[in-house]
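So the chains spell out like this:
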Amino acid sequence: MESIKLGFIGGGNIVQAFINGLHRSNQLKLTNTMISCPNANEKPIFKQYSEYIQTTTSNIDLCRFADIVLFAVKSKFIKSICNELNEHLNHDDKKRILFVSVIPGLKILTIEKWLMIKNENIVRIMYNVAVATENGCFCFAMSKLNESMKQSYENLKFLFNAVGQYAGNVTEDQLDVVTALMGSGPAFFCLVCEAMADGAVKMGLPRDLALAMTKQTMVGCANLLLSSKDKHPAQLRDEIATPGGTTIYGLHALETKAVRGAFIDAISVAAQRAQNMSKELETFENDNS
Ligand SMILES: NC(=O)C1=CN([C@@H]2O[C@H](COP(=O)(O)OP(=O)(O)OC[C@H]3O[C@@H](n4cnc5c(N)ncnc54)[C@H](OP(=O)(O)O)[C@@H]3O)[C@@H](O)[C@H]2O)C=CC1
Ligand SMILES: O=C(O)[C@@H]1CCC=N1
């Protein structure tokens, strides 16, 4: 099998998570990967996998090399990157590439306009940092792809399947919600993890023990919920809360602080932020401002 020519514009957290996951799942070797970003040549992780990964500071060289190009930069940089690509690449250069974006709020229509290409060469993806340990989750939003893009799309899906669960394809509007829930989600769980461990520390448990147990409890609970797909979380919660016992006291404390309301708000404001980012990008005129 020919290696998959994969390119990343941006080499930060979300790209590194994917690279680590691919390596862990033994699939990095199926790729011939190139990463482009200002400090690409200095990053130890890419040196570590230099057998499969080349680095460059030229987004143009990367596009000349790769069949799949994934945009993973902060949204404020993407317009100037598209301008740069337009300056140096002709229509045929761009036509052979499957452009993929993980940038929240960056609509297919906006990429089409900025890159002067058709939507049949563009896929939006959302995934999360848990791909680093092969426990990620991913989904796509896209229009009908050009026939010539199908192999690249299958290759992309194959690689992501190695590091996460495919959650299906969604509309671009739904992708804003997905970004909040699954893209940002690990950060919300981290906050819960930290706060629960702090509670245990407050009650006298050593911090390392408190954190280790909180993490393992999160994993254990997630596995239980995943192992019985039909089980609603409320059912498991009820099984844990013995009448008059410790859990119901804790749950009551959470209800008095409106924690459920706070989480509902967190997901909705994060999704609204993604929607607003779309509007900002659509009217974005100043490069890198
Ligand atoms: N972090 C996450 O969990 C998730 C992030 N995302 C999205 O992915 C994108 C990247 O996020 P993340 O990896 O966390 O961000 P980071 O800040 O960690 O990485 C951004 C990368 O962009 C590079 N960069 C900046 N300017 C350019 C340029 N002109 N050309 C090429 N590369 C450039 C930076 O280079 P250098 O390192 O050299 O400075 C850096 O490697 C964002 O849009 C984010 O919203 C989506 C889902 C989850
Ligand atoms: O915070 C952000 O905007 C990105 C998208 C999802 C996770 N991180």
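Only a predicted model underlies this, so the values are computations on that prediction, with no experimental measurement involved. (Residues numbered from 1 in each chain as written. Chains lettered and ligands numbered in written order. Predicted model: local features only at pLDDT ≥ 70, side-chain atom pairs only at ≥ 80, totals over all residues. Heavy atoms only, no water.)

### Quick notes on the pattern of salt bridges
The full count for this structure, using the stated rule, is eleven salt bridges. A salt bridge links Glu239 to Lys231, with the nearest nitrogen and oxygen atoms 3.1 Å apart. Of the residues examined, Glu239 reaches a relative accessible area of 49% and is grouped as partly exposed. Relative accessible area serves as the criterion here: at 24%, Lys231 is assigned to the partly exposed category. (Salt bridge = Lys/Arg side-chain N within 4 Å of Asp/Glu carboxyl O. Buried < 20%, exposed > 50% of the residue type's maximum accessible area, 1.4 Å probe, protein only.)

### Section: a nonpolar patch on the surface
Together, Leu205, Leu209 and Met213 make up an exposed nonpolar region whose accessible area comes to about 250 Å². You can see Leu205 is positioned in the loop between helix 9 (185–202) and helix 10 (207–227). Using a relative accessible area of 33% as the deciding quantity, one classes Leu205 as partly exposed. (Patch = residues over 30% accessible without salt bridge, like charges linked within 9 Å, V, L, I, M, F, W, Y side chains within 5 Å. Areas by Shrake-Rupley, 256 points an atom, 1.4 Å probe, with all protein chains shown as cover. Helix = DSSP H or I, 4+ residues; strand = E, 2+ residues; numbered from the N terminus.)

### Observations regarding the environment of Gln27
Here Gln27 lies in the loop between helix 1 (13–24) and strand 2 (31–36). What Gln27 contacts, discounting residues up to four positions off in sequence, is Leu22, Phe158, Leu159 and Ala162. Within the structure, Gln27 has its side chain in polar contact with the backbone oxygen of Ser25 (distance 3.1 Å). (Contact = heavy atoms within 4.5 Å. Polar contact = N/O pair within 3.5 Å; in protein donor to acceptor, adjacent residues only side chain to side chain.)

### Examining helix 8 (residues 172–183)
Over its twelve residues, helix 8 runs only 14 Å from end to end, short of the ideal 16 Å by more than 12%, given 1.5 Å per residue. Looking only at helix 8, the buried set comprises Leu175, Asp176, Val178, Thr179, Ala180 and Met182. The inward-facing, buried residues of helix 8 contact strand 6 (122–127), strand 7 (136–142), helix 9 and helix 13 (259–282). (Expected span 1.5 Å × (residues − 1).)

### Re the domain arrangement of the protein
Domain assignment breaks the protein into domain 1 (4–168) and domain 2 (185–257). Between domain 1 and domain 2, the C-alpha centre-to-centre distance is 36 Å. (Domains from an automatic or database assignment.)

### Thoughts on the UniProt feature "binding site: NADPH" (unreviewed entry) in the protein
In the UniProt entry, the feature "binding site: NADPH" (unreviewed entry) is given for Asn59. As for its placement among the helices and strands, Asn59 is situated in helix 3 (residues 59–65). Taking relative accessible area as the criterion, Asn59 reaches 9% and is therefore assigned buried. Beyond its immediate chain neighbours, meaning those up to four positions away, Asn59 contacts Ile9, Ser36, Ile81, Glu84 and Leu85. In this structure the side chain of Asn59 is engaged in a polar contact, spanning 2.4 Å, whose partner is the side chain of Ser36. (UniProt positions renumbered as here; feature names shortened; annotations may be inferred.)

### Digging into the nonpolar core
Grouped together as the largest cluster of nonpolar side chains are 40 residues, with contacts concentrated most on Phe18, Ile19, Ile125 and Phe160. Per-element tally for this core: the top contributor is helix 1, with five residues. In this structure Phe18 touches Leu6, Phe8, Tyr127, Val131, Leu159, Phe160 and Val163, once residues within four positions along its chain are discounted. With 27 residues, the next largest nonpolar core counts Met34, Leu62, Ile97 and Leu106 among its residues. (Core = buried A, V, L, I, M, F, W, Y, C linked by side-chain atoms within 4.5 Å.)

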